[in-house]
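Structural characterization, general
If you want the building blocks of each chain, they are given just below.
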Amino acid sequence: VFGVALLAVAIVLLERIVPAAVAMVLWGMLMICSAVYMGALQSLPPDSGGWKRLWKGLGLVLLVYGVLMLVGAAAGGKDTVQPLRGLAVGGGAAAEQHAAFKRVKTVEDLDRELAAASASGKPVMLDFYADWCVSCKEMERYTFSDPAVIAEMDRFVLLQADVTANDEQDQALMQGRFGIPGPPAMLFFDPAGSELRSFRLVGFKPADEFAGHLRRAAP
């Protein structure tokens, strides 16, 4: 039991750096192997006690869920909670759809894009993202892919600062310019290029709450 728990912790840590599909395969393998050790594929004698039956039942649950993980990964799914999401209408591409961001790296990049957005009279949303940020991936998976959120974000110029490297340029943009310790963080700017500080968001936000926030940030 402790060995399986340690392997599960290792997968949780790996989820921060490996693609979601790879994490699904790892979870599926761990569940299926655990189910085999629990006797999910072995027949029980008629006089088996309740604990053995319960143990096998739990093993069967792990076996089924592990198989669903592998099927979901093969179908393009990337959600360990809903492994068959990739089998929805439109397949994995539909499940992956979300608004497109333009990447910025430096303070100069941001100023240039803010000036361009100001010239076109559009508000700006700046998203701070990193590959090792679990909440950032949850935002992309559950919030930015929501149809209502996509419709609201379409009114913004969408910028994203990938601070995975956390180098000097990233620090200058995050802490030097805005005083943000790290991702995830979403900043909003009016059409004149001024930040709406009261609308800053830090951390994961569910889709319905985020859509309402977008409407208030750019009514």
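Summary of the structure given here.

1. Considerations on the state of the cysteines
- Overall, the coordinates contain one disulfide when judged by the stated rule.
- Here cysteine 133 pairs with cysteine 136 through a disulfide, and the sulfurs are 2.4 Å apart. Residues cysteine 133 and cysteine 136 share a disulfide whose torsion about the S-S bond is about 80°; that sign makes it right-handed.
- For cysteine 133, a relative accessible area of 6% translates into the label buried.
- On the accessibility criterion, cysteine 136 (3% relative accessible area) is buried.

2. Let's talk about the nonpolar core
- Among the nonpolar cores identified, the biggest contains 21 residues, and Leu110, Leu126, Phe128, Ala161, Phe178, Leu187 and Phe189 are the most heavily contacted of them.
- Going through the elements one at a time, α5 (107–120), β2 (124–129), β3 (157–162), α8 (168–178) and β4 (185–189) are the ones with two or more residues in this core.
- Once you skip the residues sitting within four places of it in the chain, alanine 161 turns out to touch Val104, Leu126, Asp127, Phe128, Tyr129 and Leu173.
- In terms of nonpolar packing, the next biggest core, distinct from the first, is built from 19 residues, Phe101, Phe144, Leu158 and Phe210 among them.

3. Let's talk about the environment of lysine 102
- Relative to the helices and strands, lysine 102 resides in strand β1 (residues 102–104).
- For lysine 102, a relative accessible area of 45% puts it in the partly exposed group.
- For the pair lysine 102 and glutamine 160, spaced 58 residues apart in sequence, the C-alpha to C-alpha distance is 5.9 Å.
- Leaving out residues up to four positions away in the same chain, lysine 102 has contacts with Glu113, Leu158, Leu159 and Gln160.

4. Notes on a nonpolar patch on the surface
- A surface patch of nonpolar side chains, about 640 Å² in accessible area, is lined by Val1, Trp51, Leu54, Trp55 and Leu58.
- Looking at the secondary structure, you find valine 1 in the segment before α1 (2–14).
- Assessed through its relative accessible area of 82%, valine 1 is described here as exposed.

5. Some points on the pairing of β3
- Here β1 pairs with β3 via three bridges, running parallel. By the bridge assignment for β3, lysine 102 is matched with leucine 159.

6. Considerations on the sheet that holds β3
- Reading across the sheet, the five strands line up as β1-β3-β2-β4-β5 and stay open at both edges, with mixed pairing between neighbours. Both edges of this open sheet fall to β1 and β5 (201–202), since each of them pairs with a single strand only.
- Looking at chain direction, β4 and β5 are connected through two bridges and run antiparallel. Opposite methionine 186, over in β5, you have leucine 201 as the bridge partner.
- Each of β2, β3 and β4 is contacted by α8, which is oriented at about 125° to β2, the strand it contacts most.

About the criteria used
- Residues numbered from 1 in each chain as written.
- Predicted model: local features only at pLDDT ≥ 70, side-chain atom pairs only at ≥ 80, totals over all residues.
- Heavy atoms only, no water.
- Disulfide = S-S within 2.5 Å.
- Buried < 20%, exposed > 50% of the residue type's maximum accessible area, 1.4 Å probe, protein only.
- Core = buried A, V, L, I, M, F, W, Y, C linked by side-chain atoms within 4.5 Å.
- Helix = DSSP H or I, 4+ residues; strand = E, 2+ residues; numbered from the N terminus.
- Contact = heavy atoms within 4.5 Å.
- Patch = residues over 30% accessible without salt bridge, like charges linked within 9 Å, V, L, I, M, F, W, Y side chains within 5 Å.
- Areas by Shrake-Rupley, 256 points an atom, 1.4 Å probe, with all protein chains shown as cover.
- Salt bridge = Lys/Arg side-chain N within 4 Å of Asp/Glu carboxyl O.
- Pairing = 2+ DSSP bridges.
- Axes fitted to C-alpha atoms, helices over the stretch in contact; angles between N-to-C directions.

None of this, on its own, says anything about what the molecule does.
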